[in-house]
Every structure is written in structure tokens, then in C-alpha cells.
Amino acid sequence: QVQLVESGGGLVQPGGSLRLSCAASGFTFSNYGMSWYRQAPGKERELVAAITSAGGTTNYADSVKGRFTISRDDAKNTVYLQMNSLKPEDTAMYYCKARYFVTAYWGQGTQVTVSS
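Please read all numbers here as calculations on a predicted model, not as lab measurements.

Enquirer: Break down the packing of aromatic side chains for me, with residues and values.
Expert: Using the criterion set out here, one finds six aromatic pairs in the structure. With centroids separated by 5.2 Å and ring planes inclined at 40°, the aromatic side chains of F27 and Y105 adopt a geometry described as tilted. Taken together, the residues span a long stretch of sequence, with F27 in the loop between β3 (18–25) and β4 (33–39) and Y105 in strand β10 (residues 103–106) at a distance of 78 residues. Here the aromatic cluster, defined as three or more aromatic residues joined through ring pairs, consists of F27, Y32, Y100, F101 and Y105. Sitting over the ring of Y80, R19 keeps its end group 3.9 Å from the ring centre. Just above the ring of W106 sits the side chain of R45; from NZ or CZ to the centre is 4.7 Å.

Enquirer: Outline the pairing of β3, listing residues and values.
Expert: Relative to β3, strand β1 (residues 3–7) runs antiparallel, the two being bridged by five bridges. Each residue of the ladder has a partner; that of S7, found in β3, is S21. Across six bridges, the pairing between β3 and strand β8 (residues 78–83) is antiparallel. Bridging across to β8, C22 finds its partner in V79.

Enquirer: Lay out a nonpolar patch on the surface in plain terms, naming residues and giving numbers.
Expert: Together, Y100, F101 and V102 line one region of the surface with nonpolar side chains, adding up to about 390 Å² of accessible area. Summarising the element assignment, F101 is placed in the loop between β9 (92–100) and β10.

Enquirer: Outline the environment of Y105, listing residues and values.
Expert: Residue classification places Y105 among the partly exposed residues on the basis of a relative accessible area of 23%. Sequence separation between Y105 and E44 is 61 residues; the distance between their C-alpha atoms is 18 Å. Residues contacting Y105, with those up to four places away along its chain left out, are V2, L4, F27, Y32, C96, K97 and A98.

Enquirer: Outline the environment of A61, supporting the account with residue identities and numerical values.
Expert: Mapped onto the elements, A61 comes out in the loop between β6 (58–60) and β7 (68–73). Taking C-alpha positions, A61 is 9.9 Å from Y37, a pair spaced 24 residues apart along the chain. Every residue in contact with A61, bar those within four places of it in the chain, is listed here: L47 and V48.

Rules behind the numbers
Residues numbered from 1 in each chain as written. Predicted model: local features only at pLDDT ≥ 70, side-chain atom pairs only at ≥ 80, totals over all residues. Heavy atoms only, no water. Phe/Tyr/Trp six-rings, centres within 6.5 Å; stacked < 30°, edge-to-face > 60°. Helix = DSSP H or I, 4+ residues; strand = E, 2+ residues; numbered from the N terminus. Lys NZ or Arg CZ within 6 Å of the ring centre and 35° of its normal. Pairing = 2+ DSSP bridges. Patch = residues over 30% accessible without salt bridge, like charges linked within 9 Å, V, L, I, M, F, W, Y side chains within 5 Å. Areas by Shrake-Rupley, 256 points an atom, 1.4 Å probe, with all protein chains shown as cover. Salt bridge = Lys/Arg side-chain N within 4 Å of Asp/Glu carboxyl O. Buried < 20%, exposed > 50% of the residue type's maximum accessible area, 1.4 Å probe, protein only. Contact = heavy atoms within 4.5 Å.

Functional significance is not addressed by these values, which are geometric in nature.
If you want it as C-alpha cells, here you go:
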């Protein structure tokens, strides 16, 4: 059974940091490209960051470049999103996604709220 379980979300003040984790099971994690998306209320889901299988290449949305870092640990079947210098506009539900050619899996999401 395929599972992607996000954790690490919460309420944080502007300028603060959070580290999201996405634990995967039920498929060969190391073969899959992994990414983080987010969706704010009333807005479309958007790509935040992505990392290729083997972690050779990463890419980021312009809005998070220099503040967020995506990484993966294939030994733990986990992908991370380190988020620094958080802004109120980063408030959203954050989802992880696994993709291998046409096969894709999504997690259920973890809420991040940036507010004073």
C-alpha cells in the first residue's frame, strides 16, 4: 500500500522556520522524483520545490528561492522541506508528491500557517 505522510507543519511567526517531512512507503522511493506543492485557500495548487531521484537536481519556485531547501534521504524514504524566513504569504496546505514517469502519488498534506 502506497503511503506518503507529511508532518512538521504548524503555526509560526513571520521570519521563523519550519522543517516539513514526507515519509514514503509502498514503492521504491529512490526511483521517484519528489516534490512539494502548496495550496492556499482560493488559490490553485503550485509547485514549491522538486528534487530528482538520486538528488542530483533541485528546482524552486521563484517565491521561495533562497529561503526553502528541498532534500531527500533515500535510506529513510523521506523527503524534507526546510523553510526559513517564512512570510504570511507562505501560509498554505503543503503536499508532497512522488513521480516516476506517468505514475504519481500524493500525500494528504500538512498545514503551515505564518502569522503573528
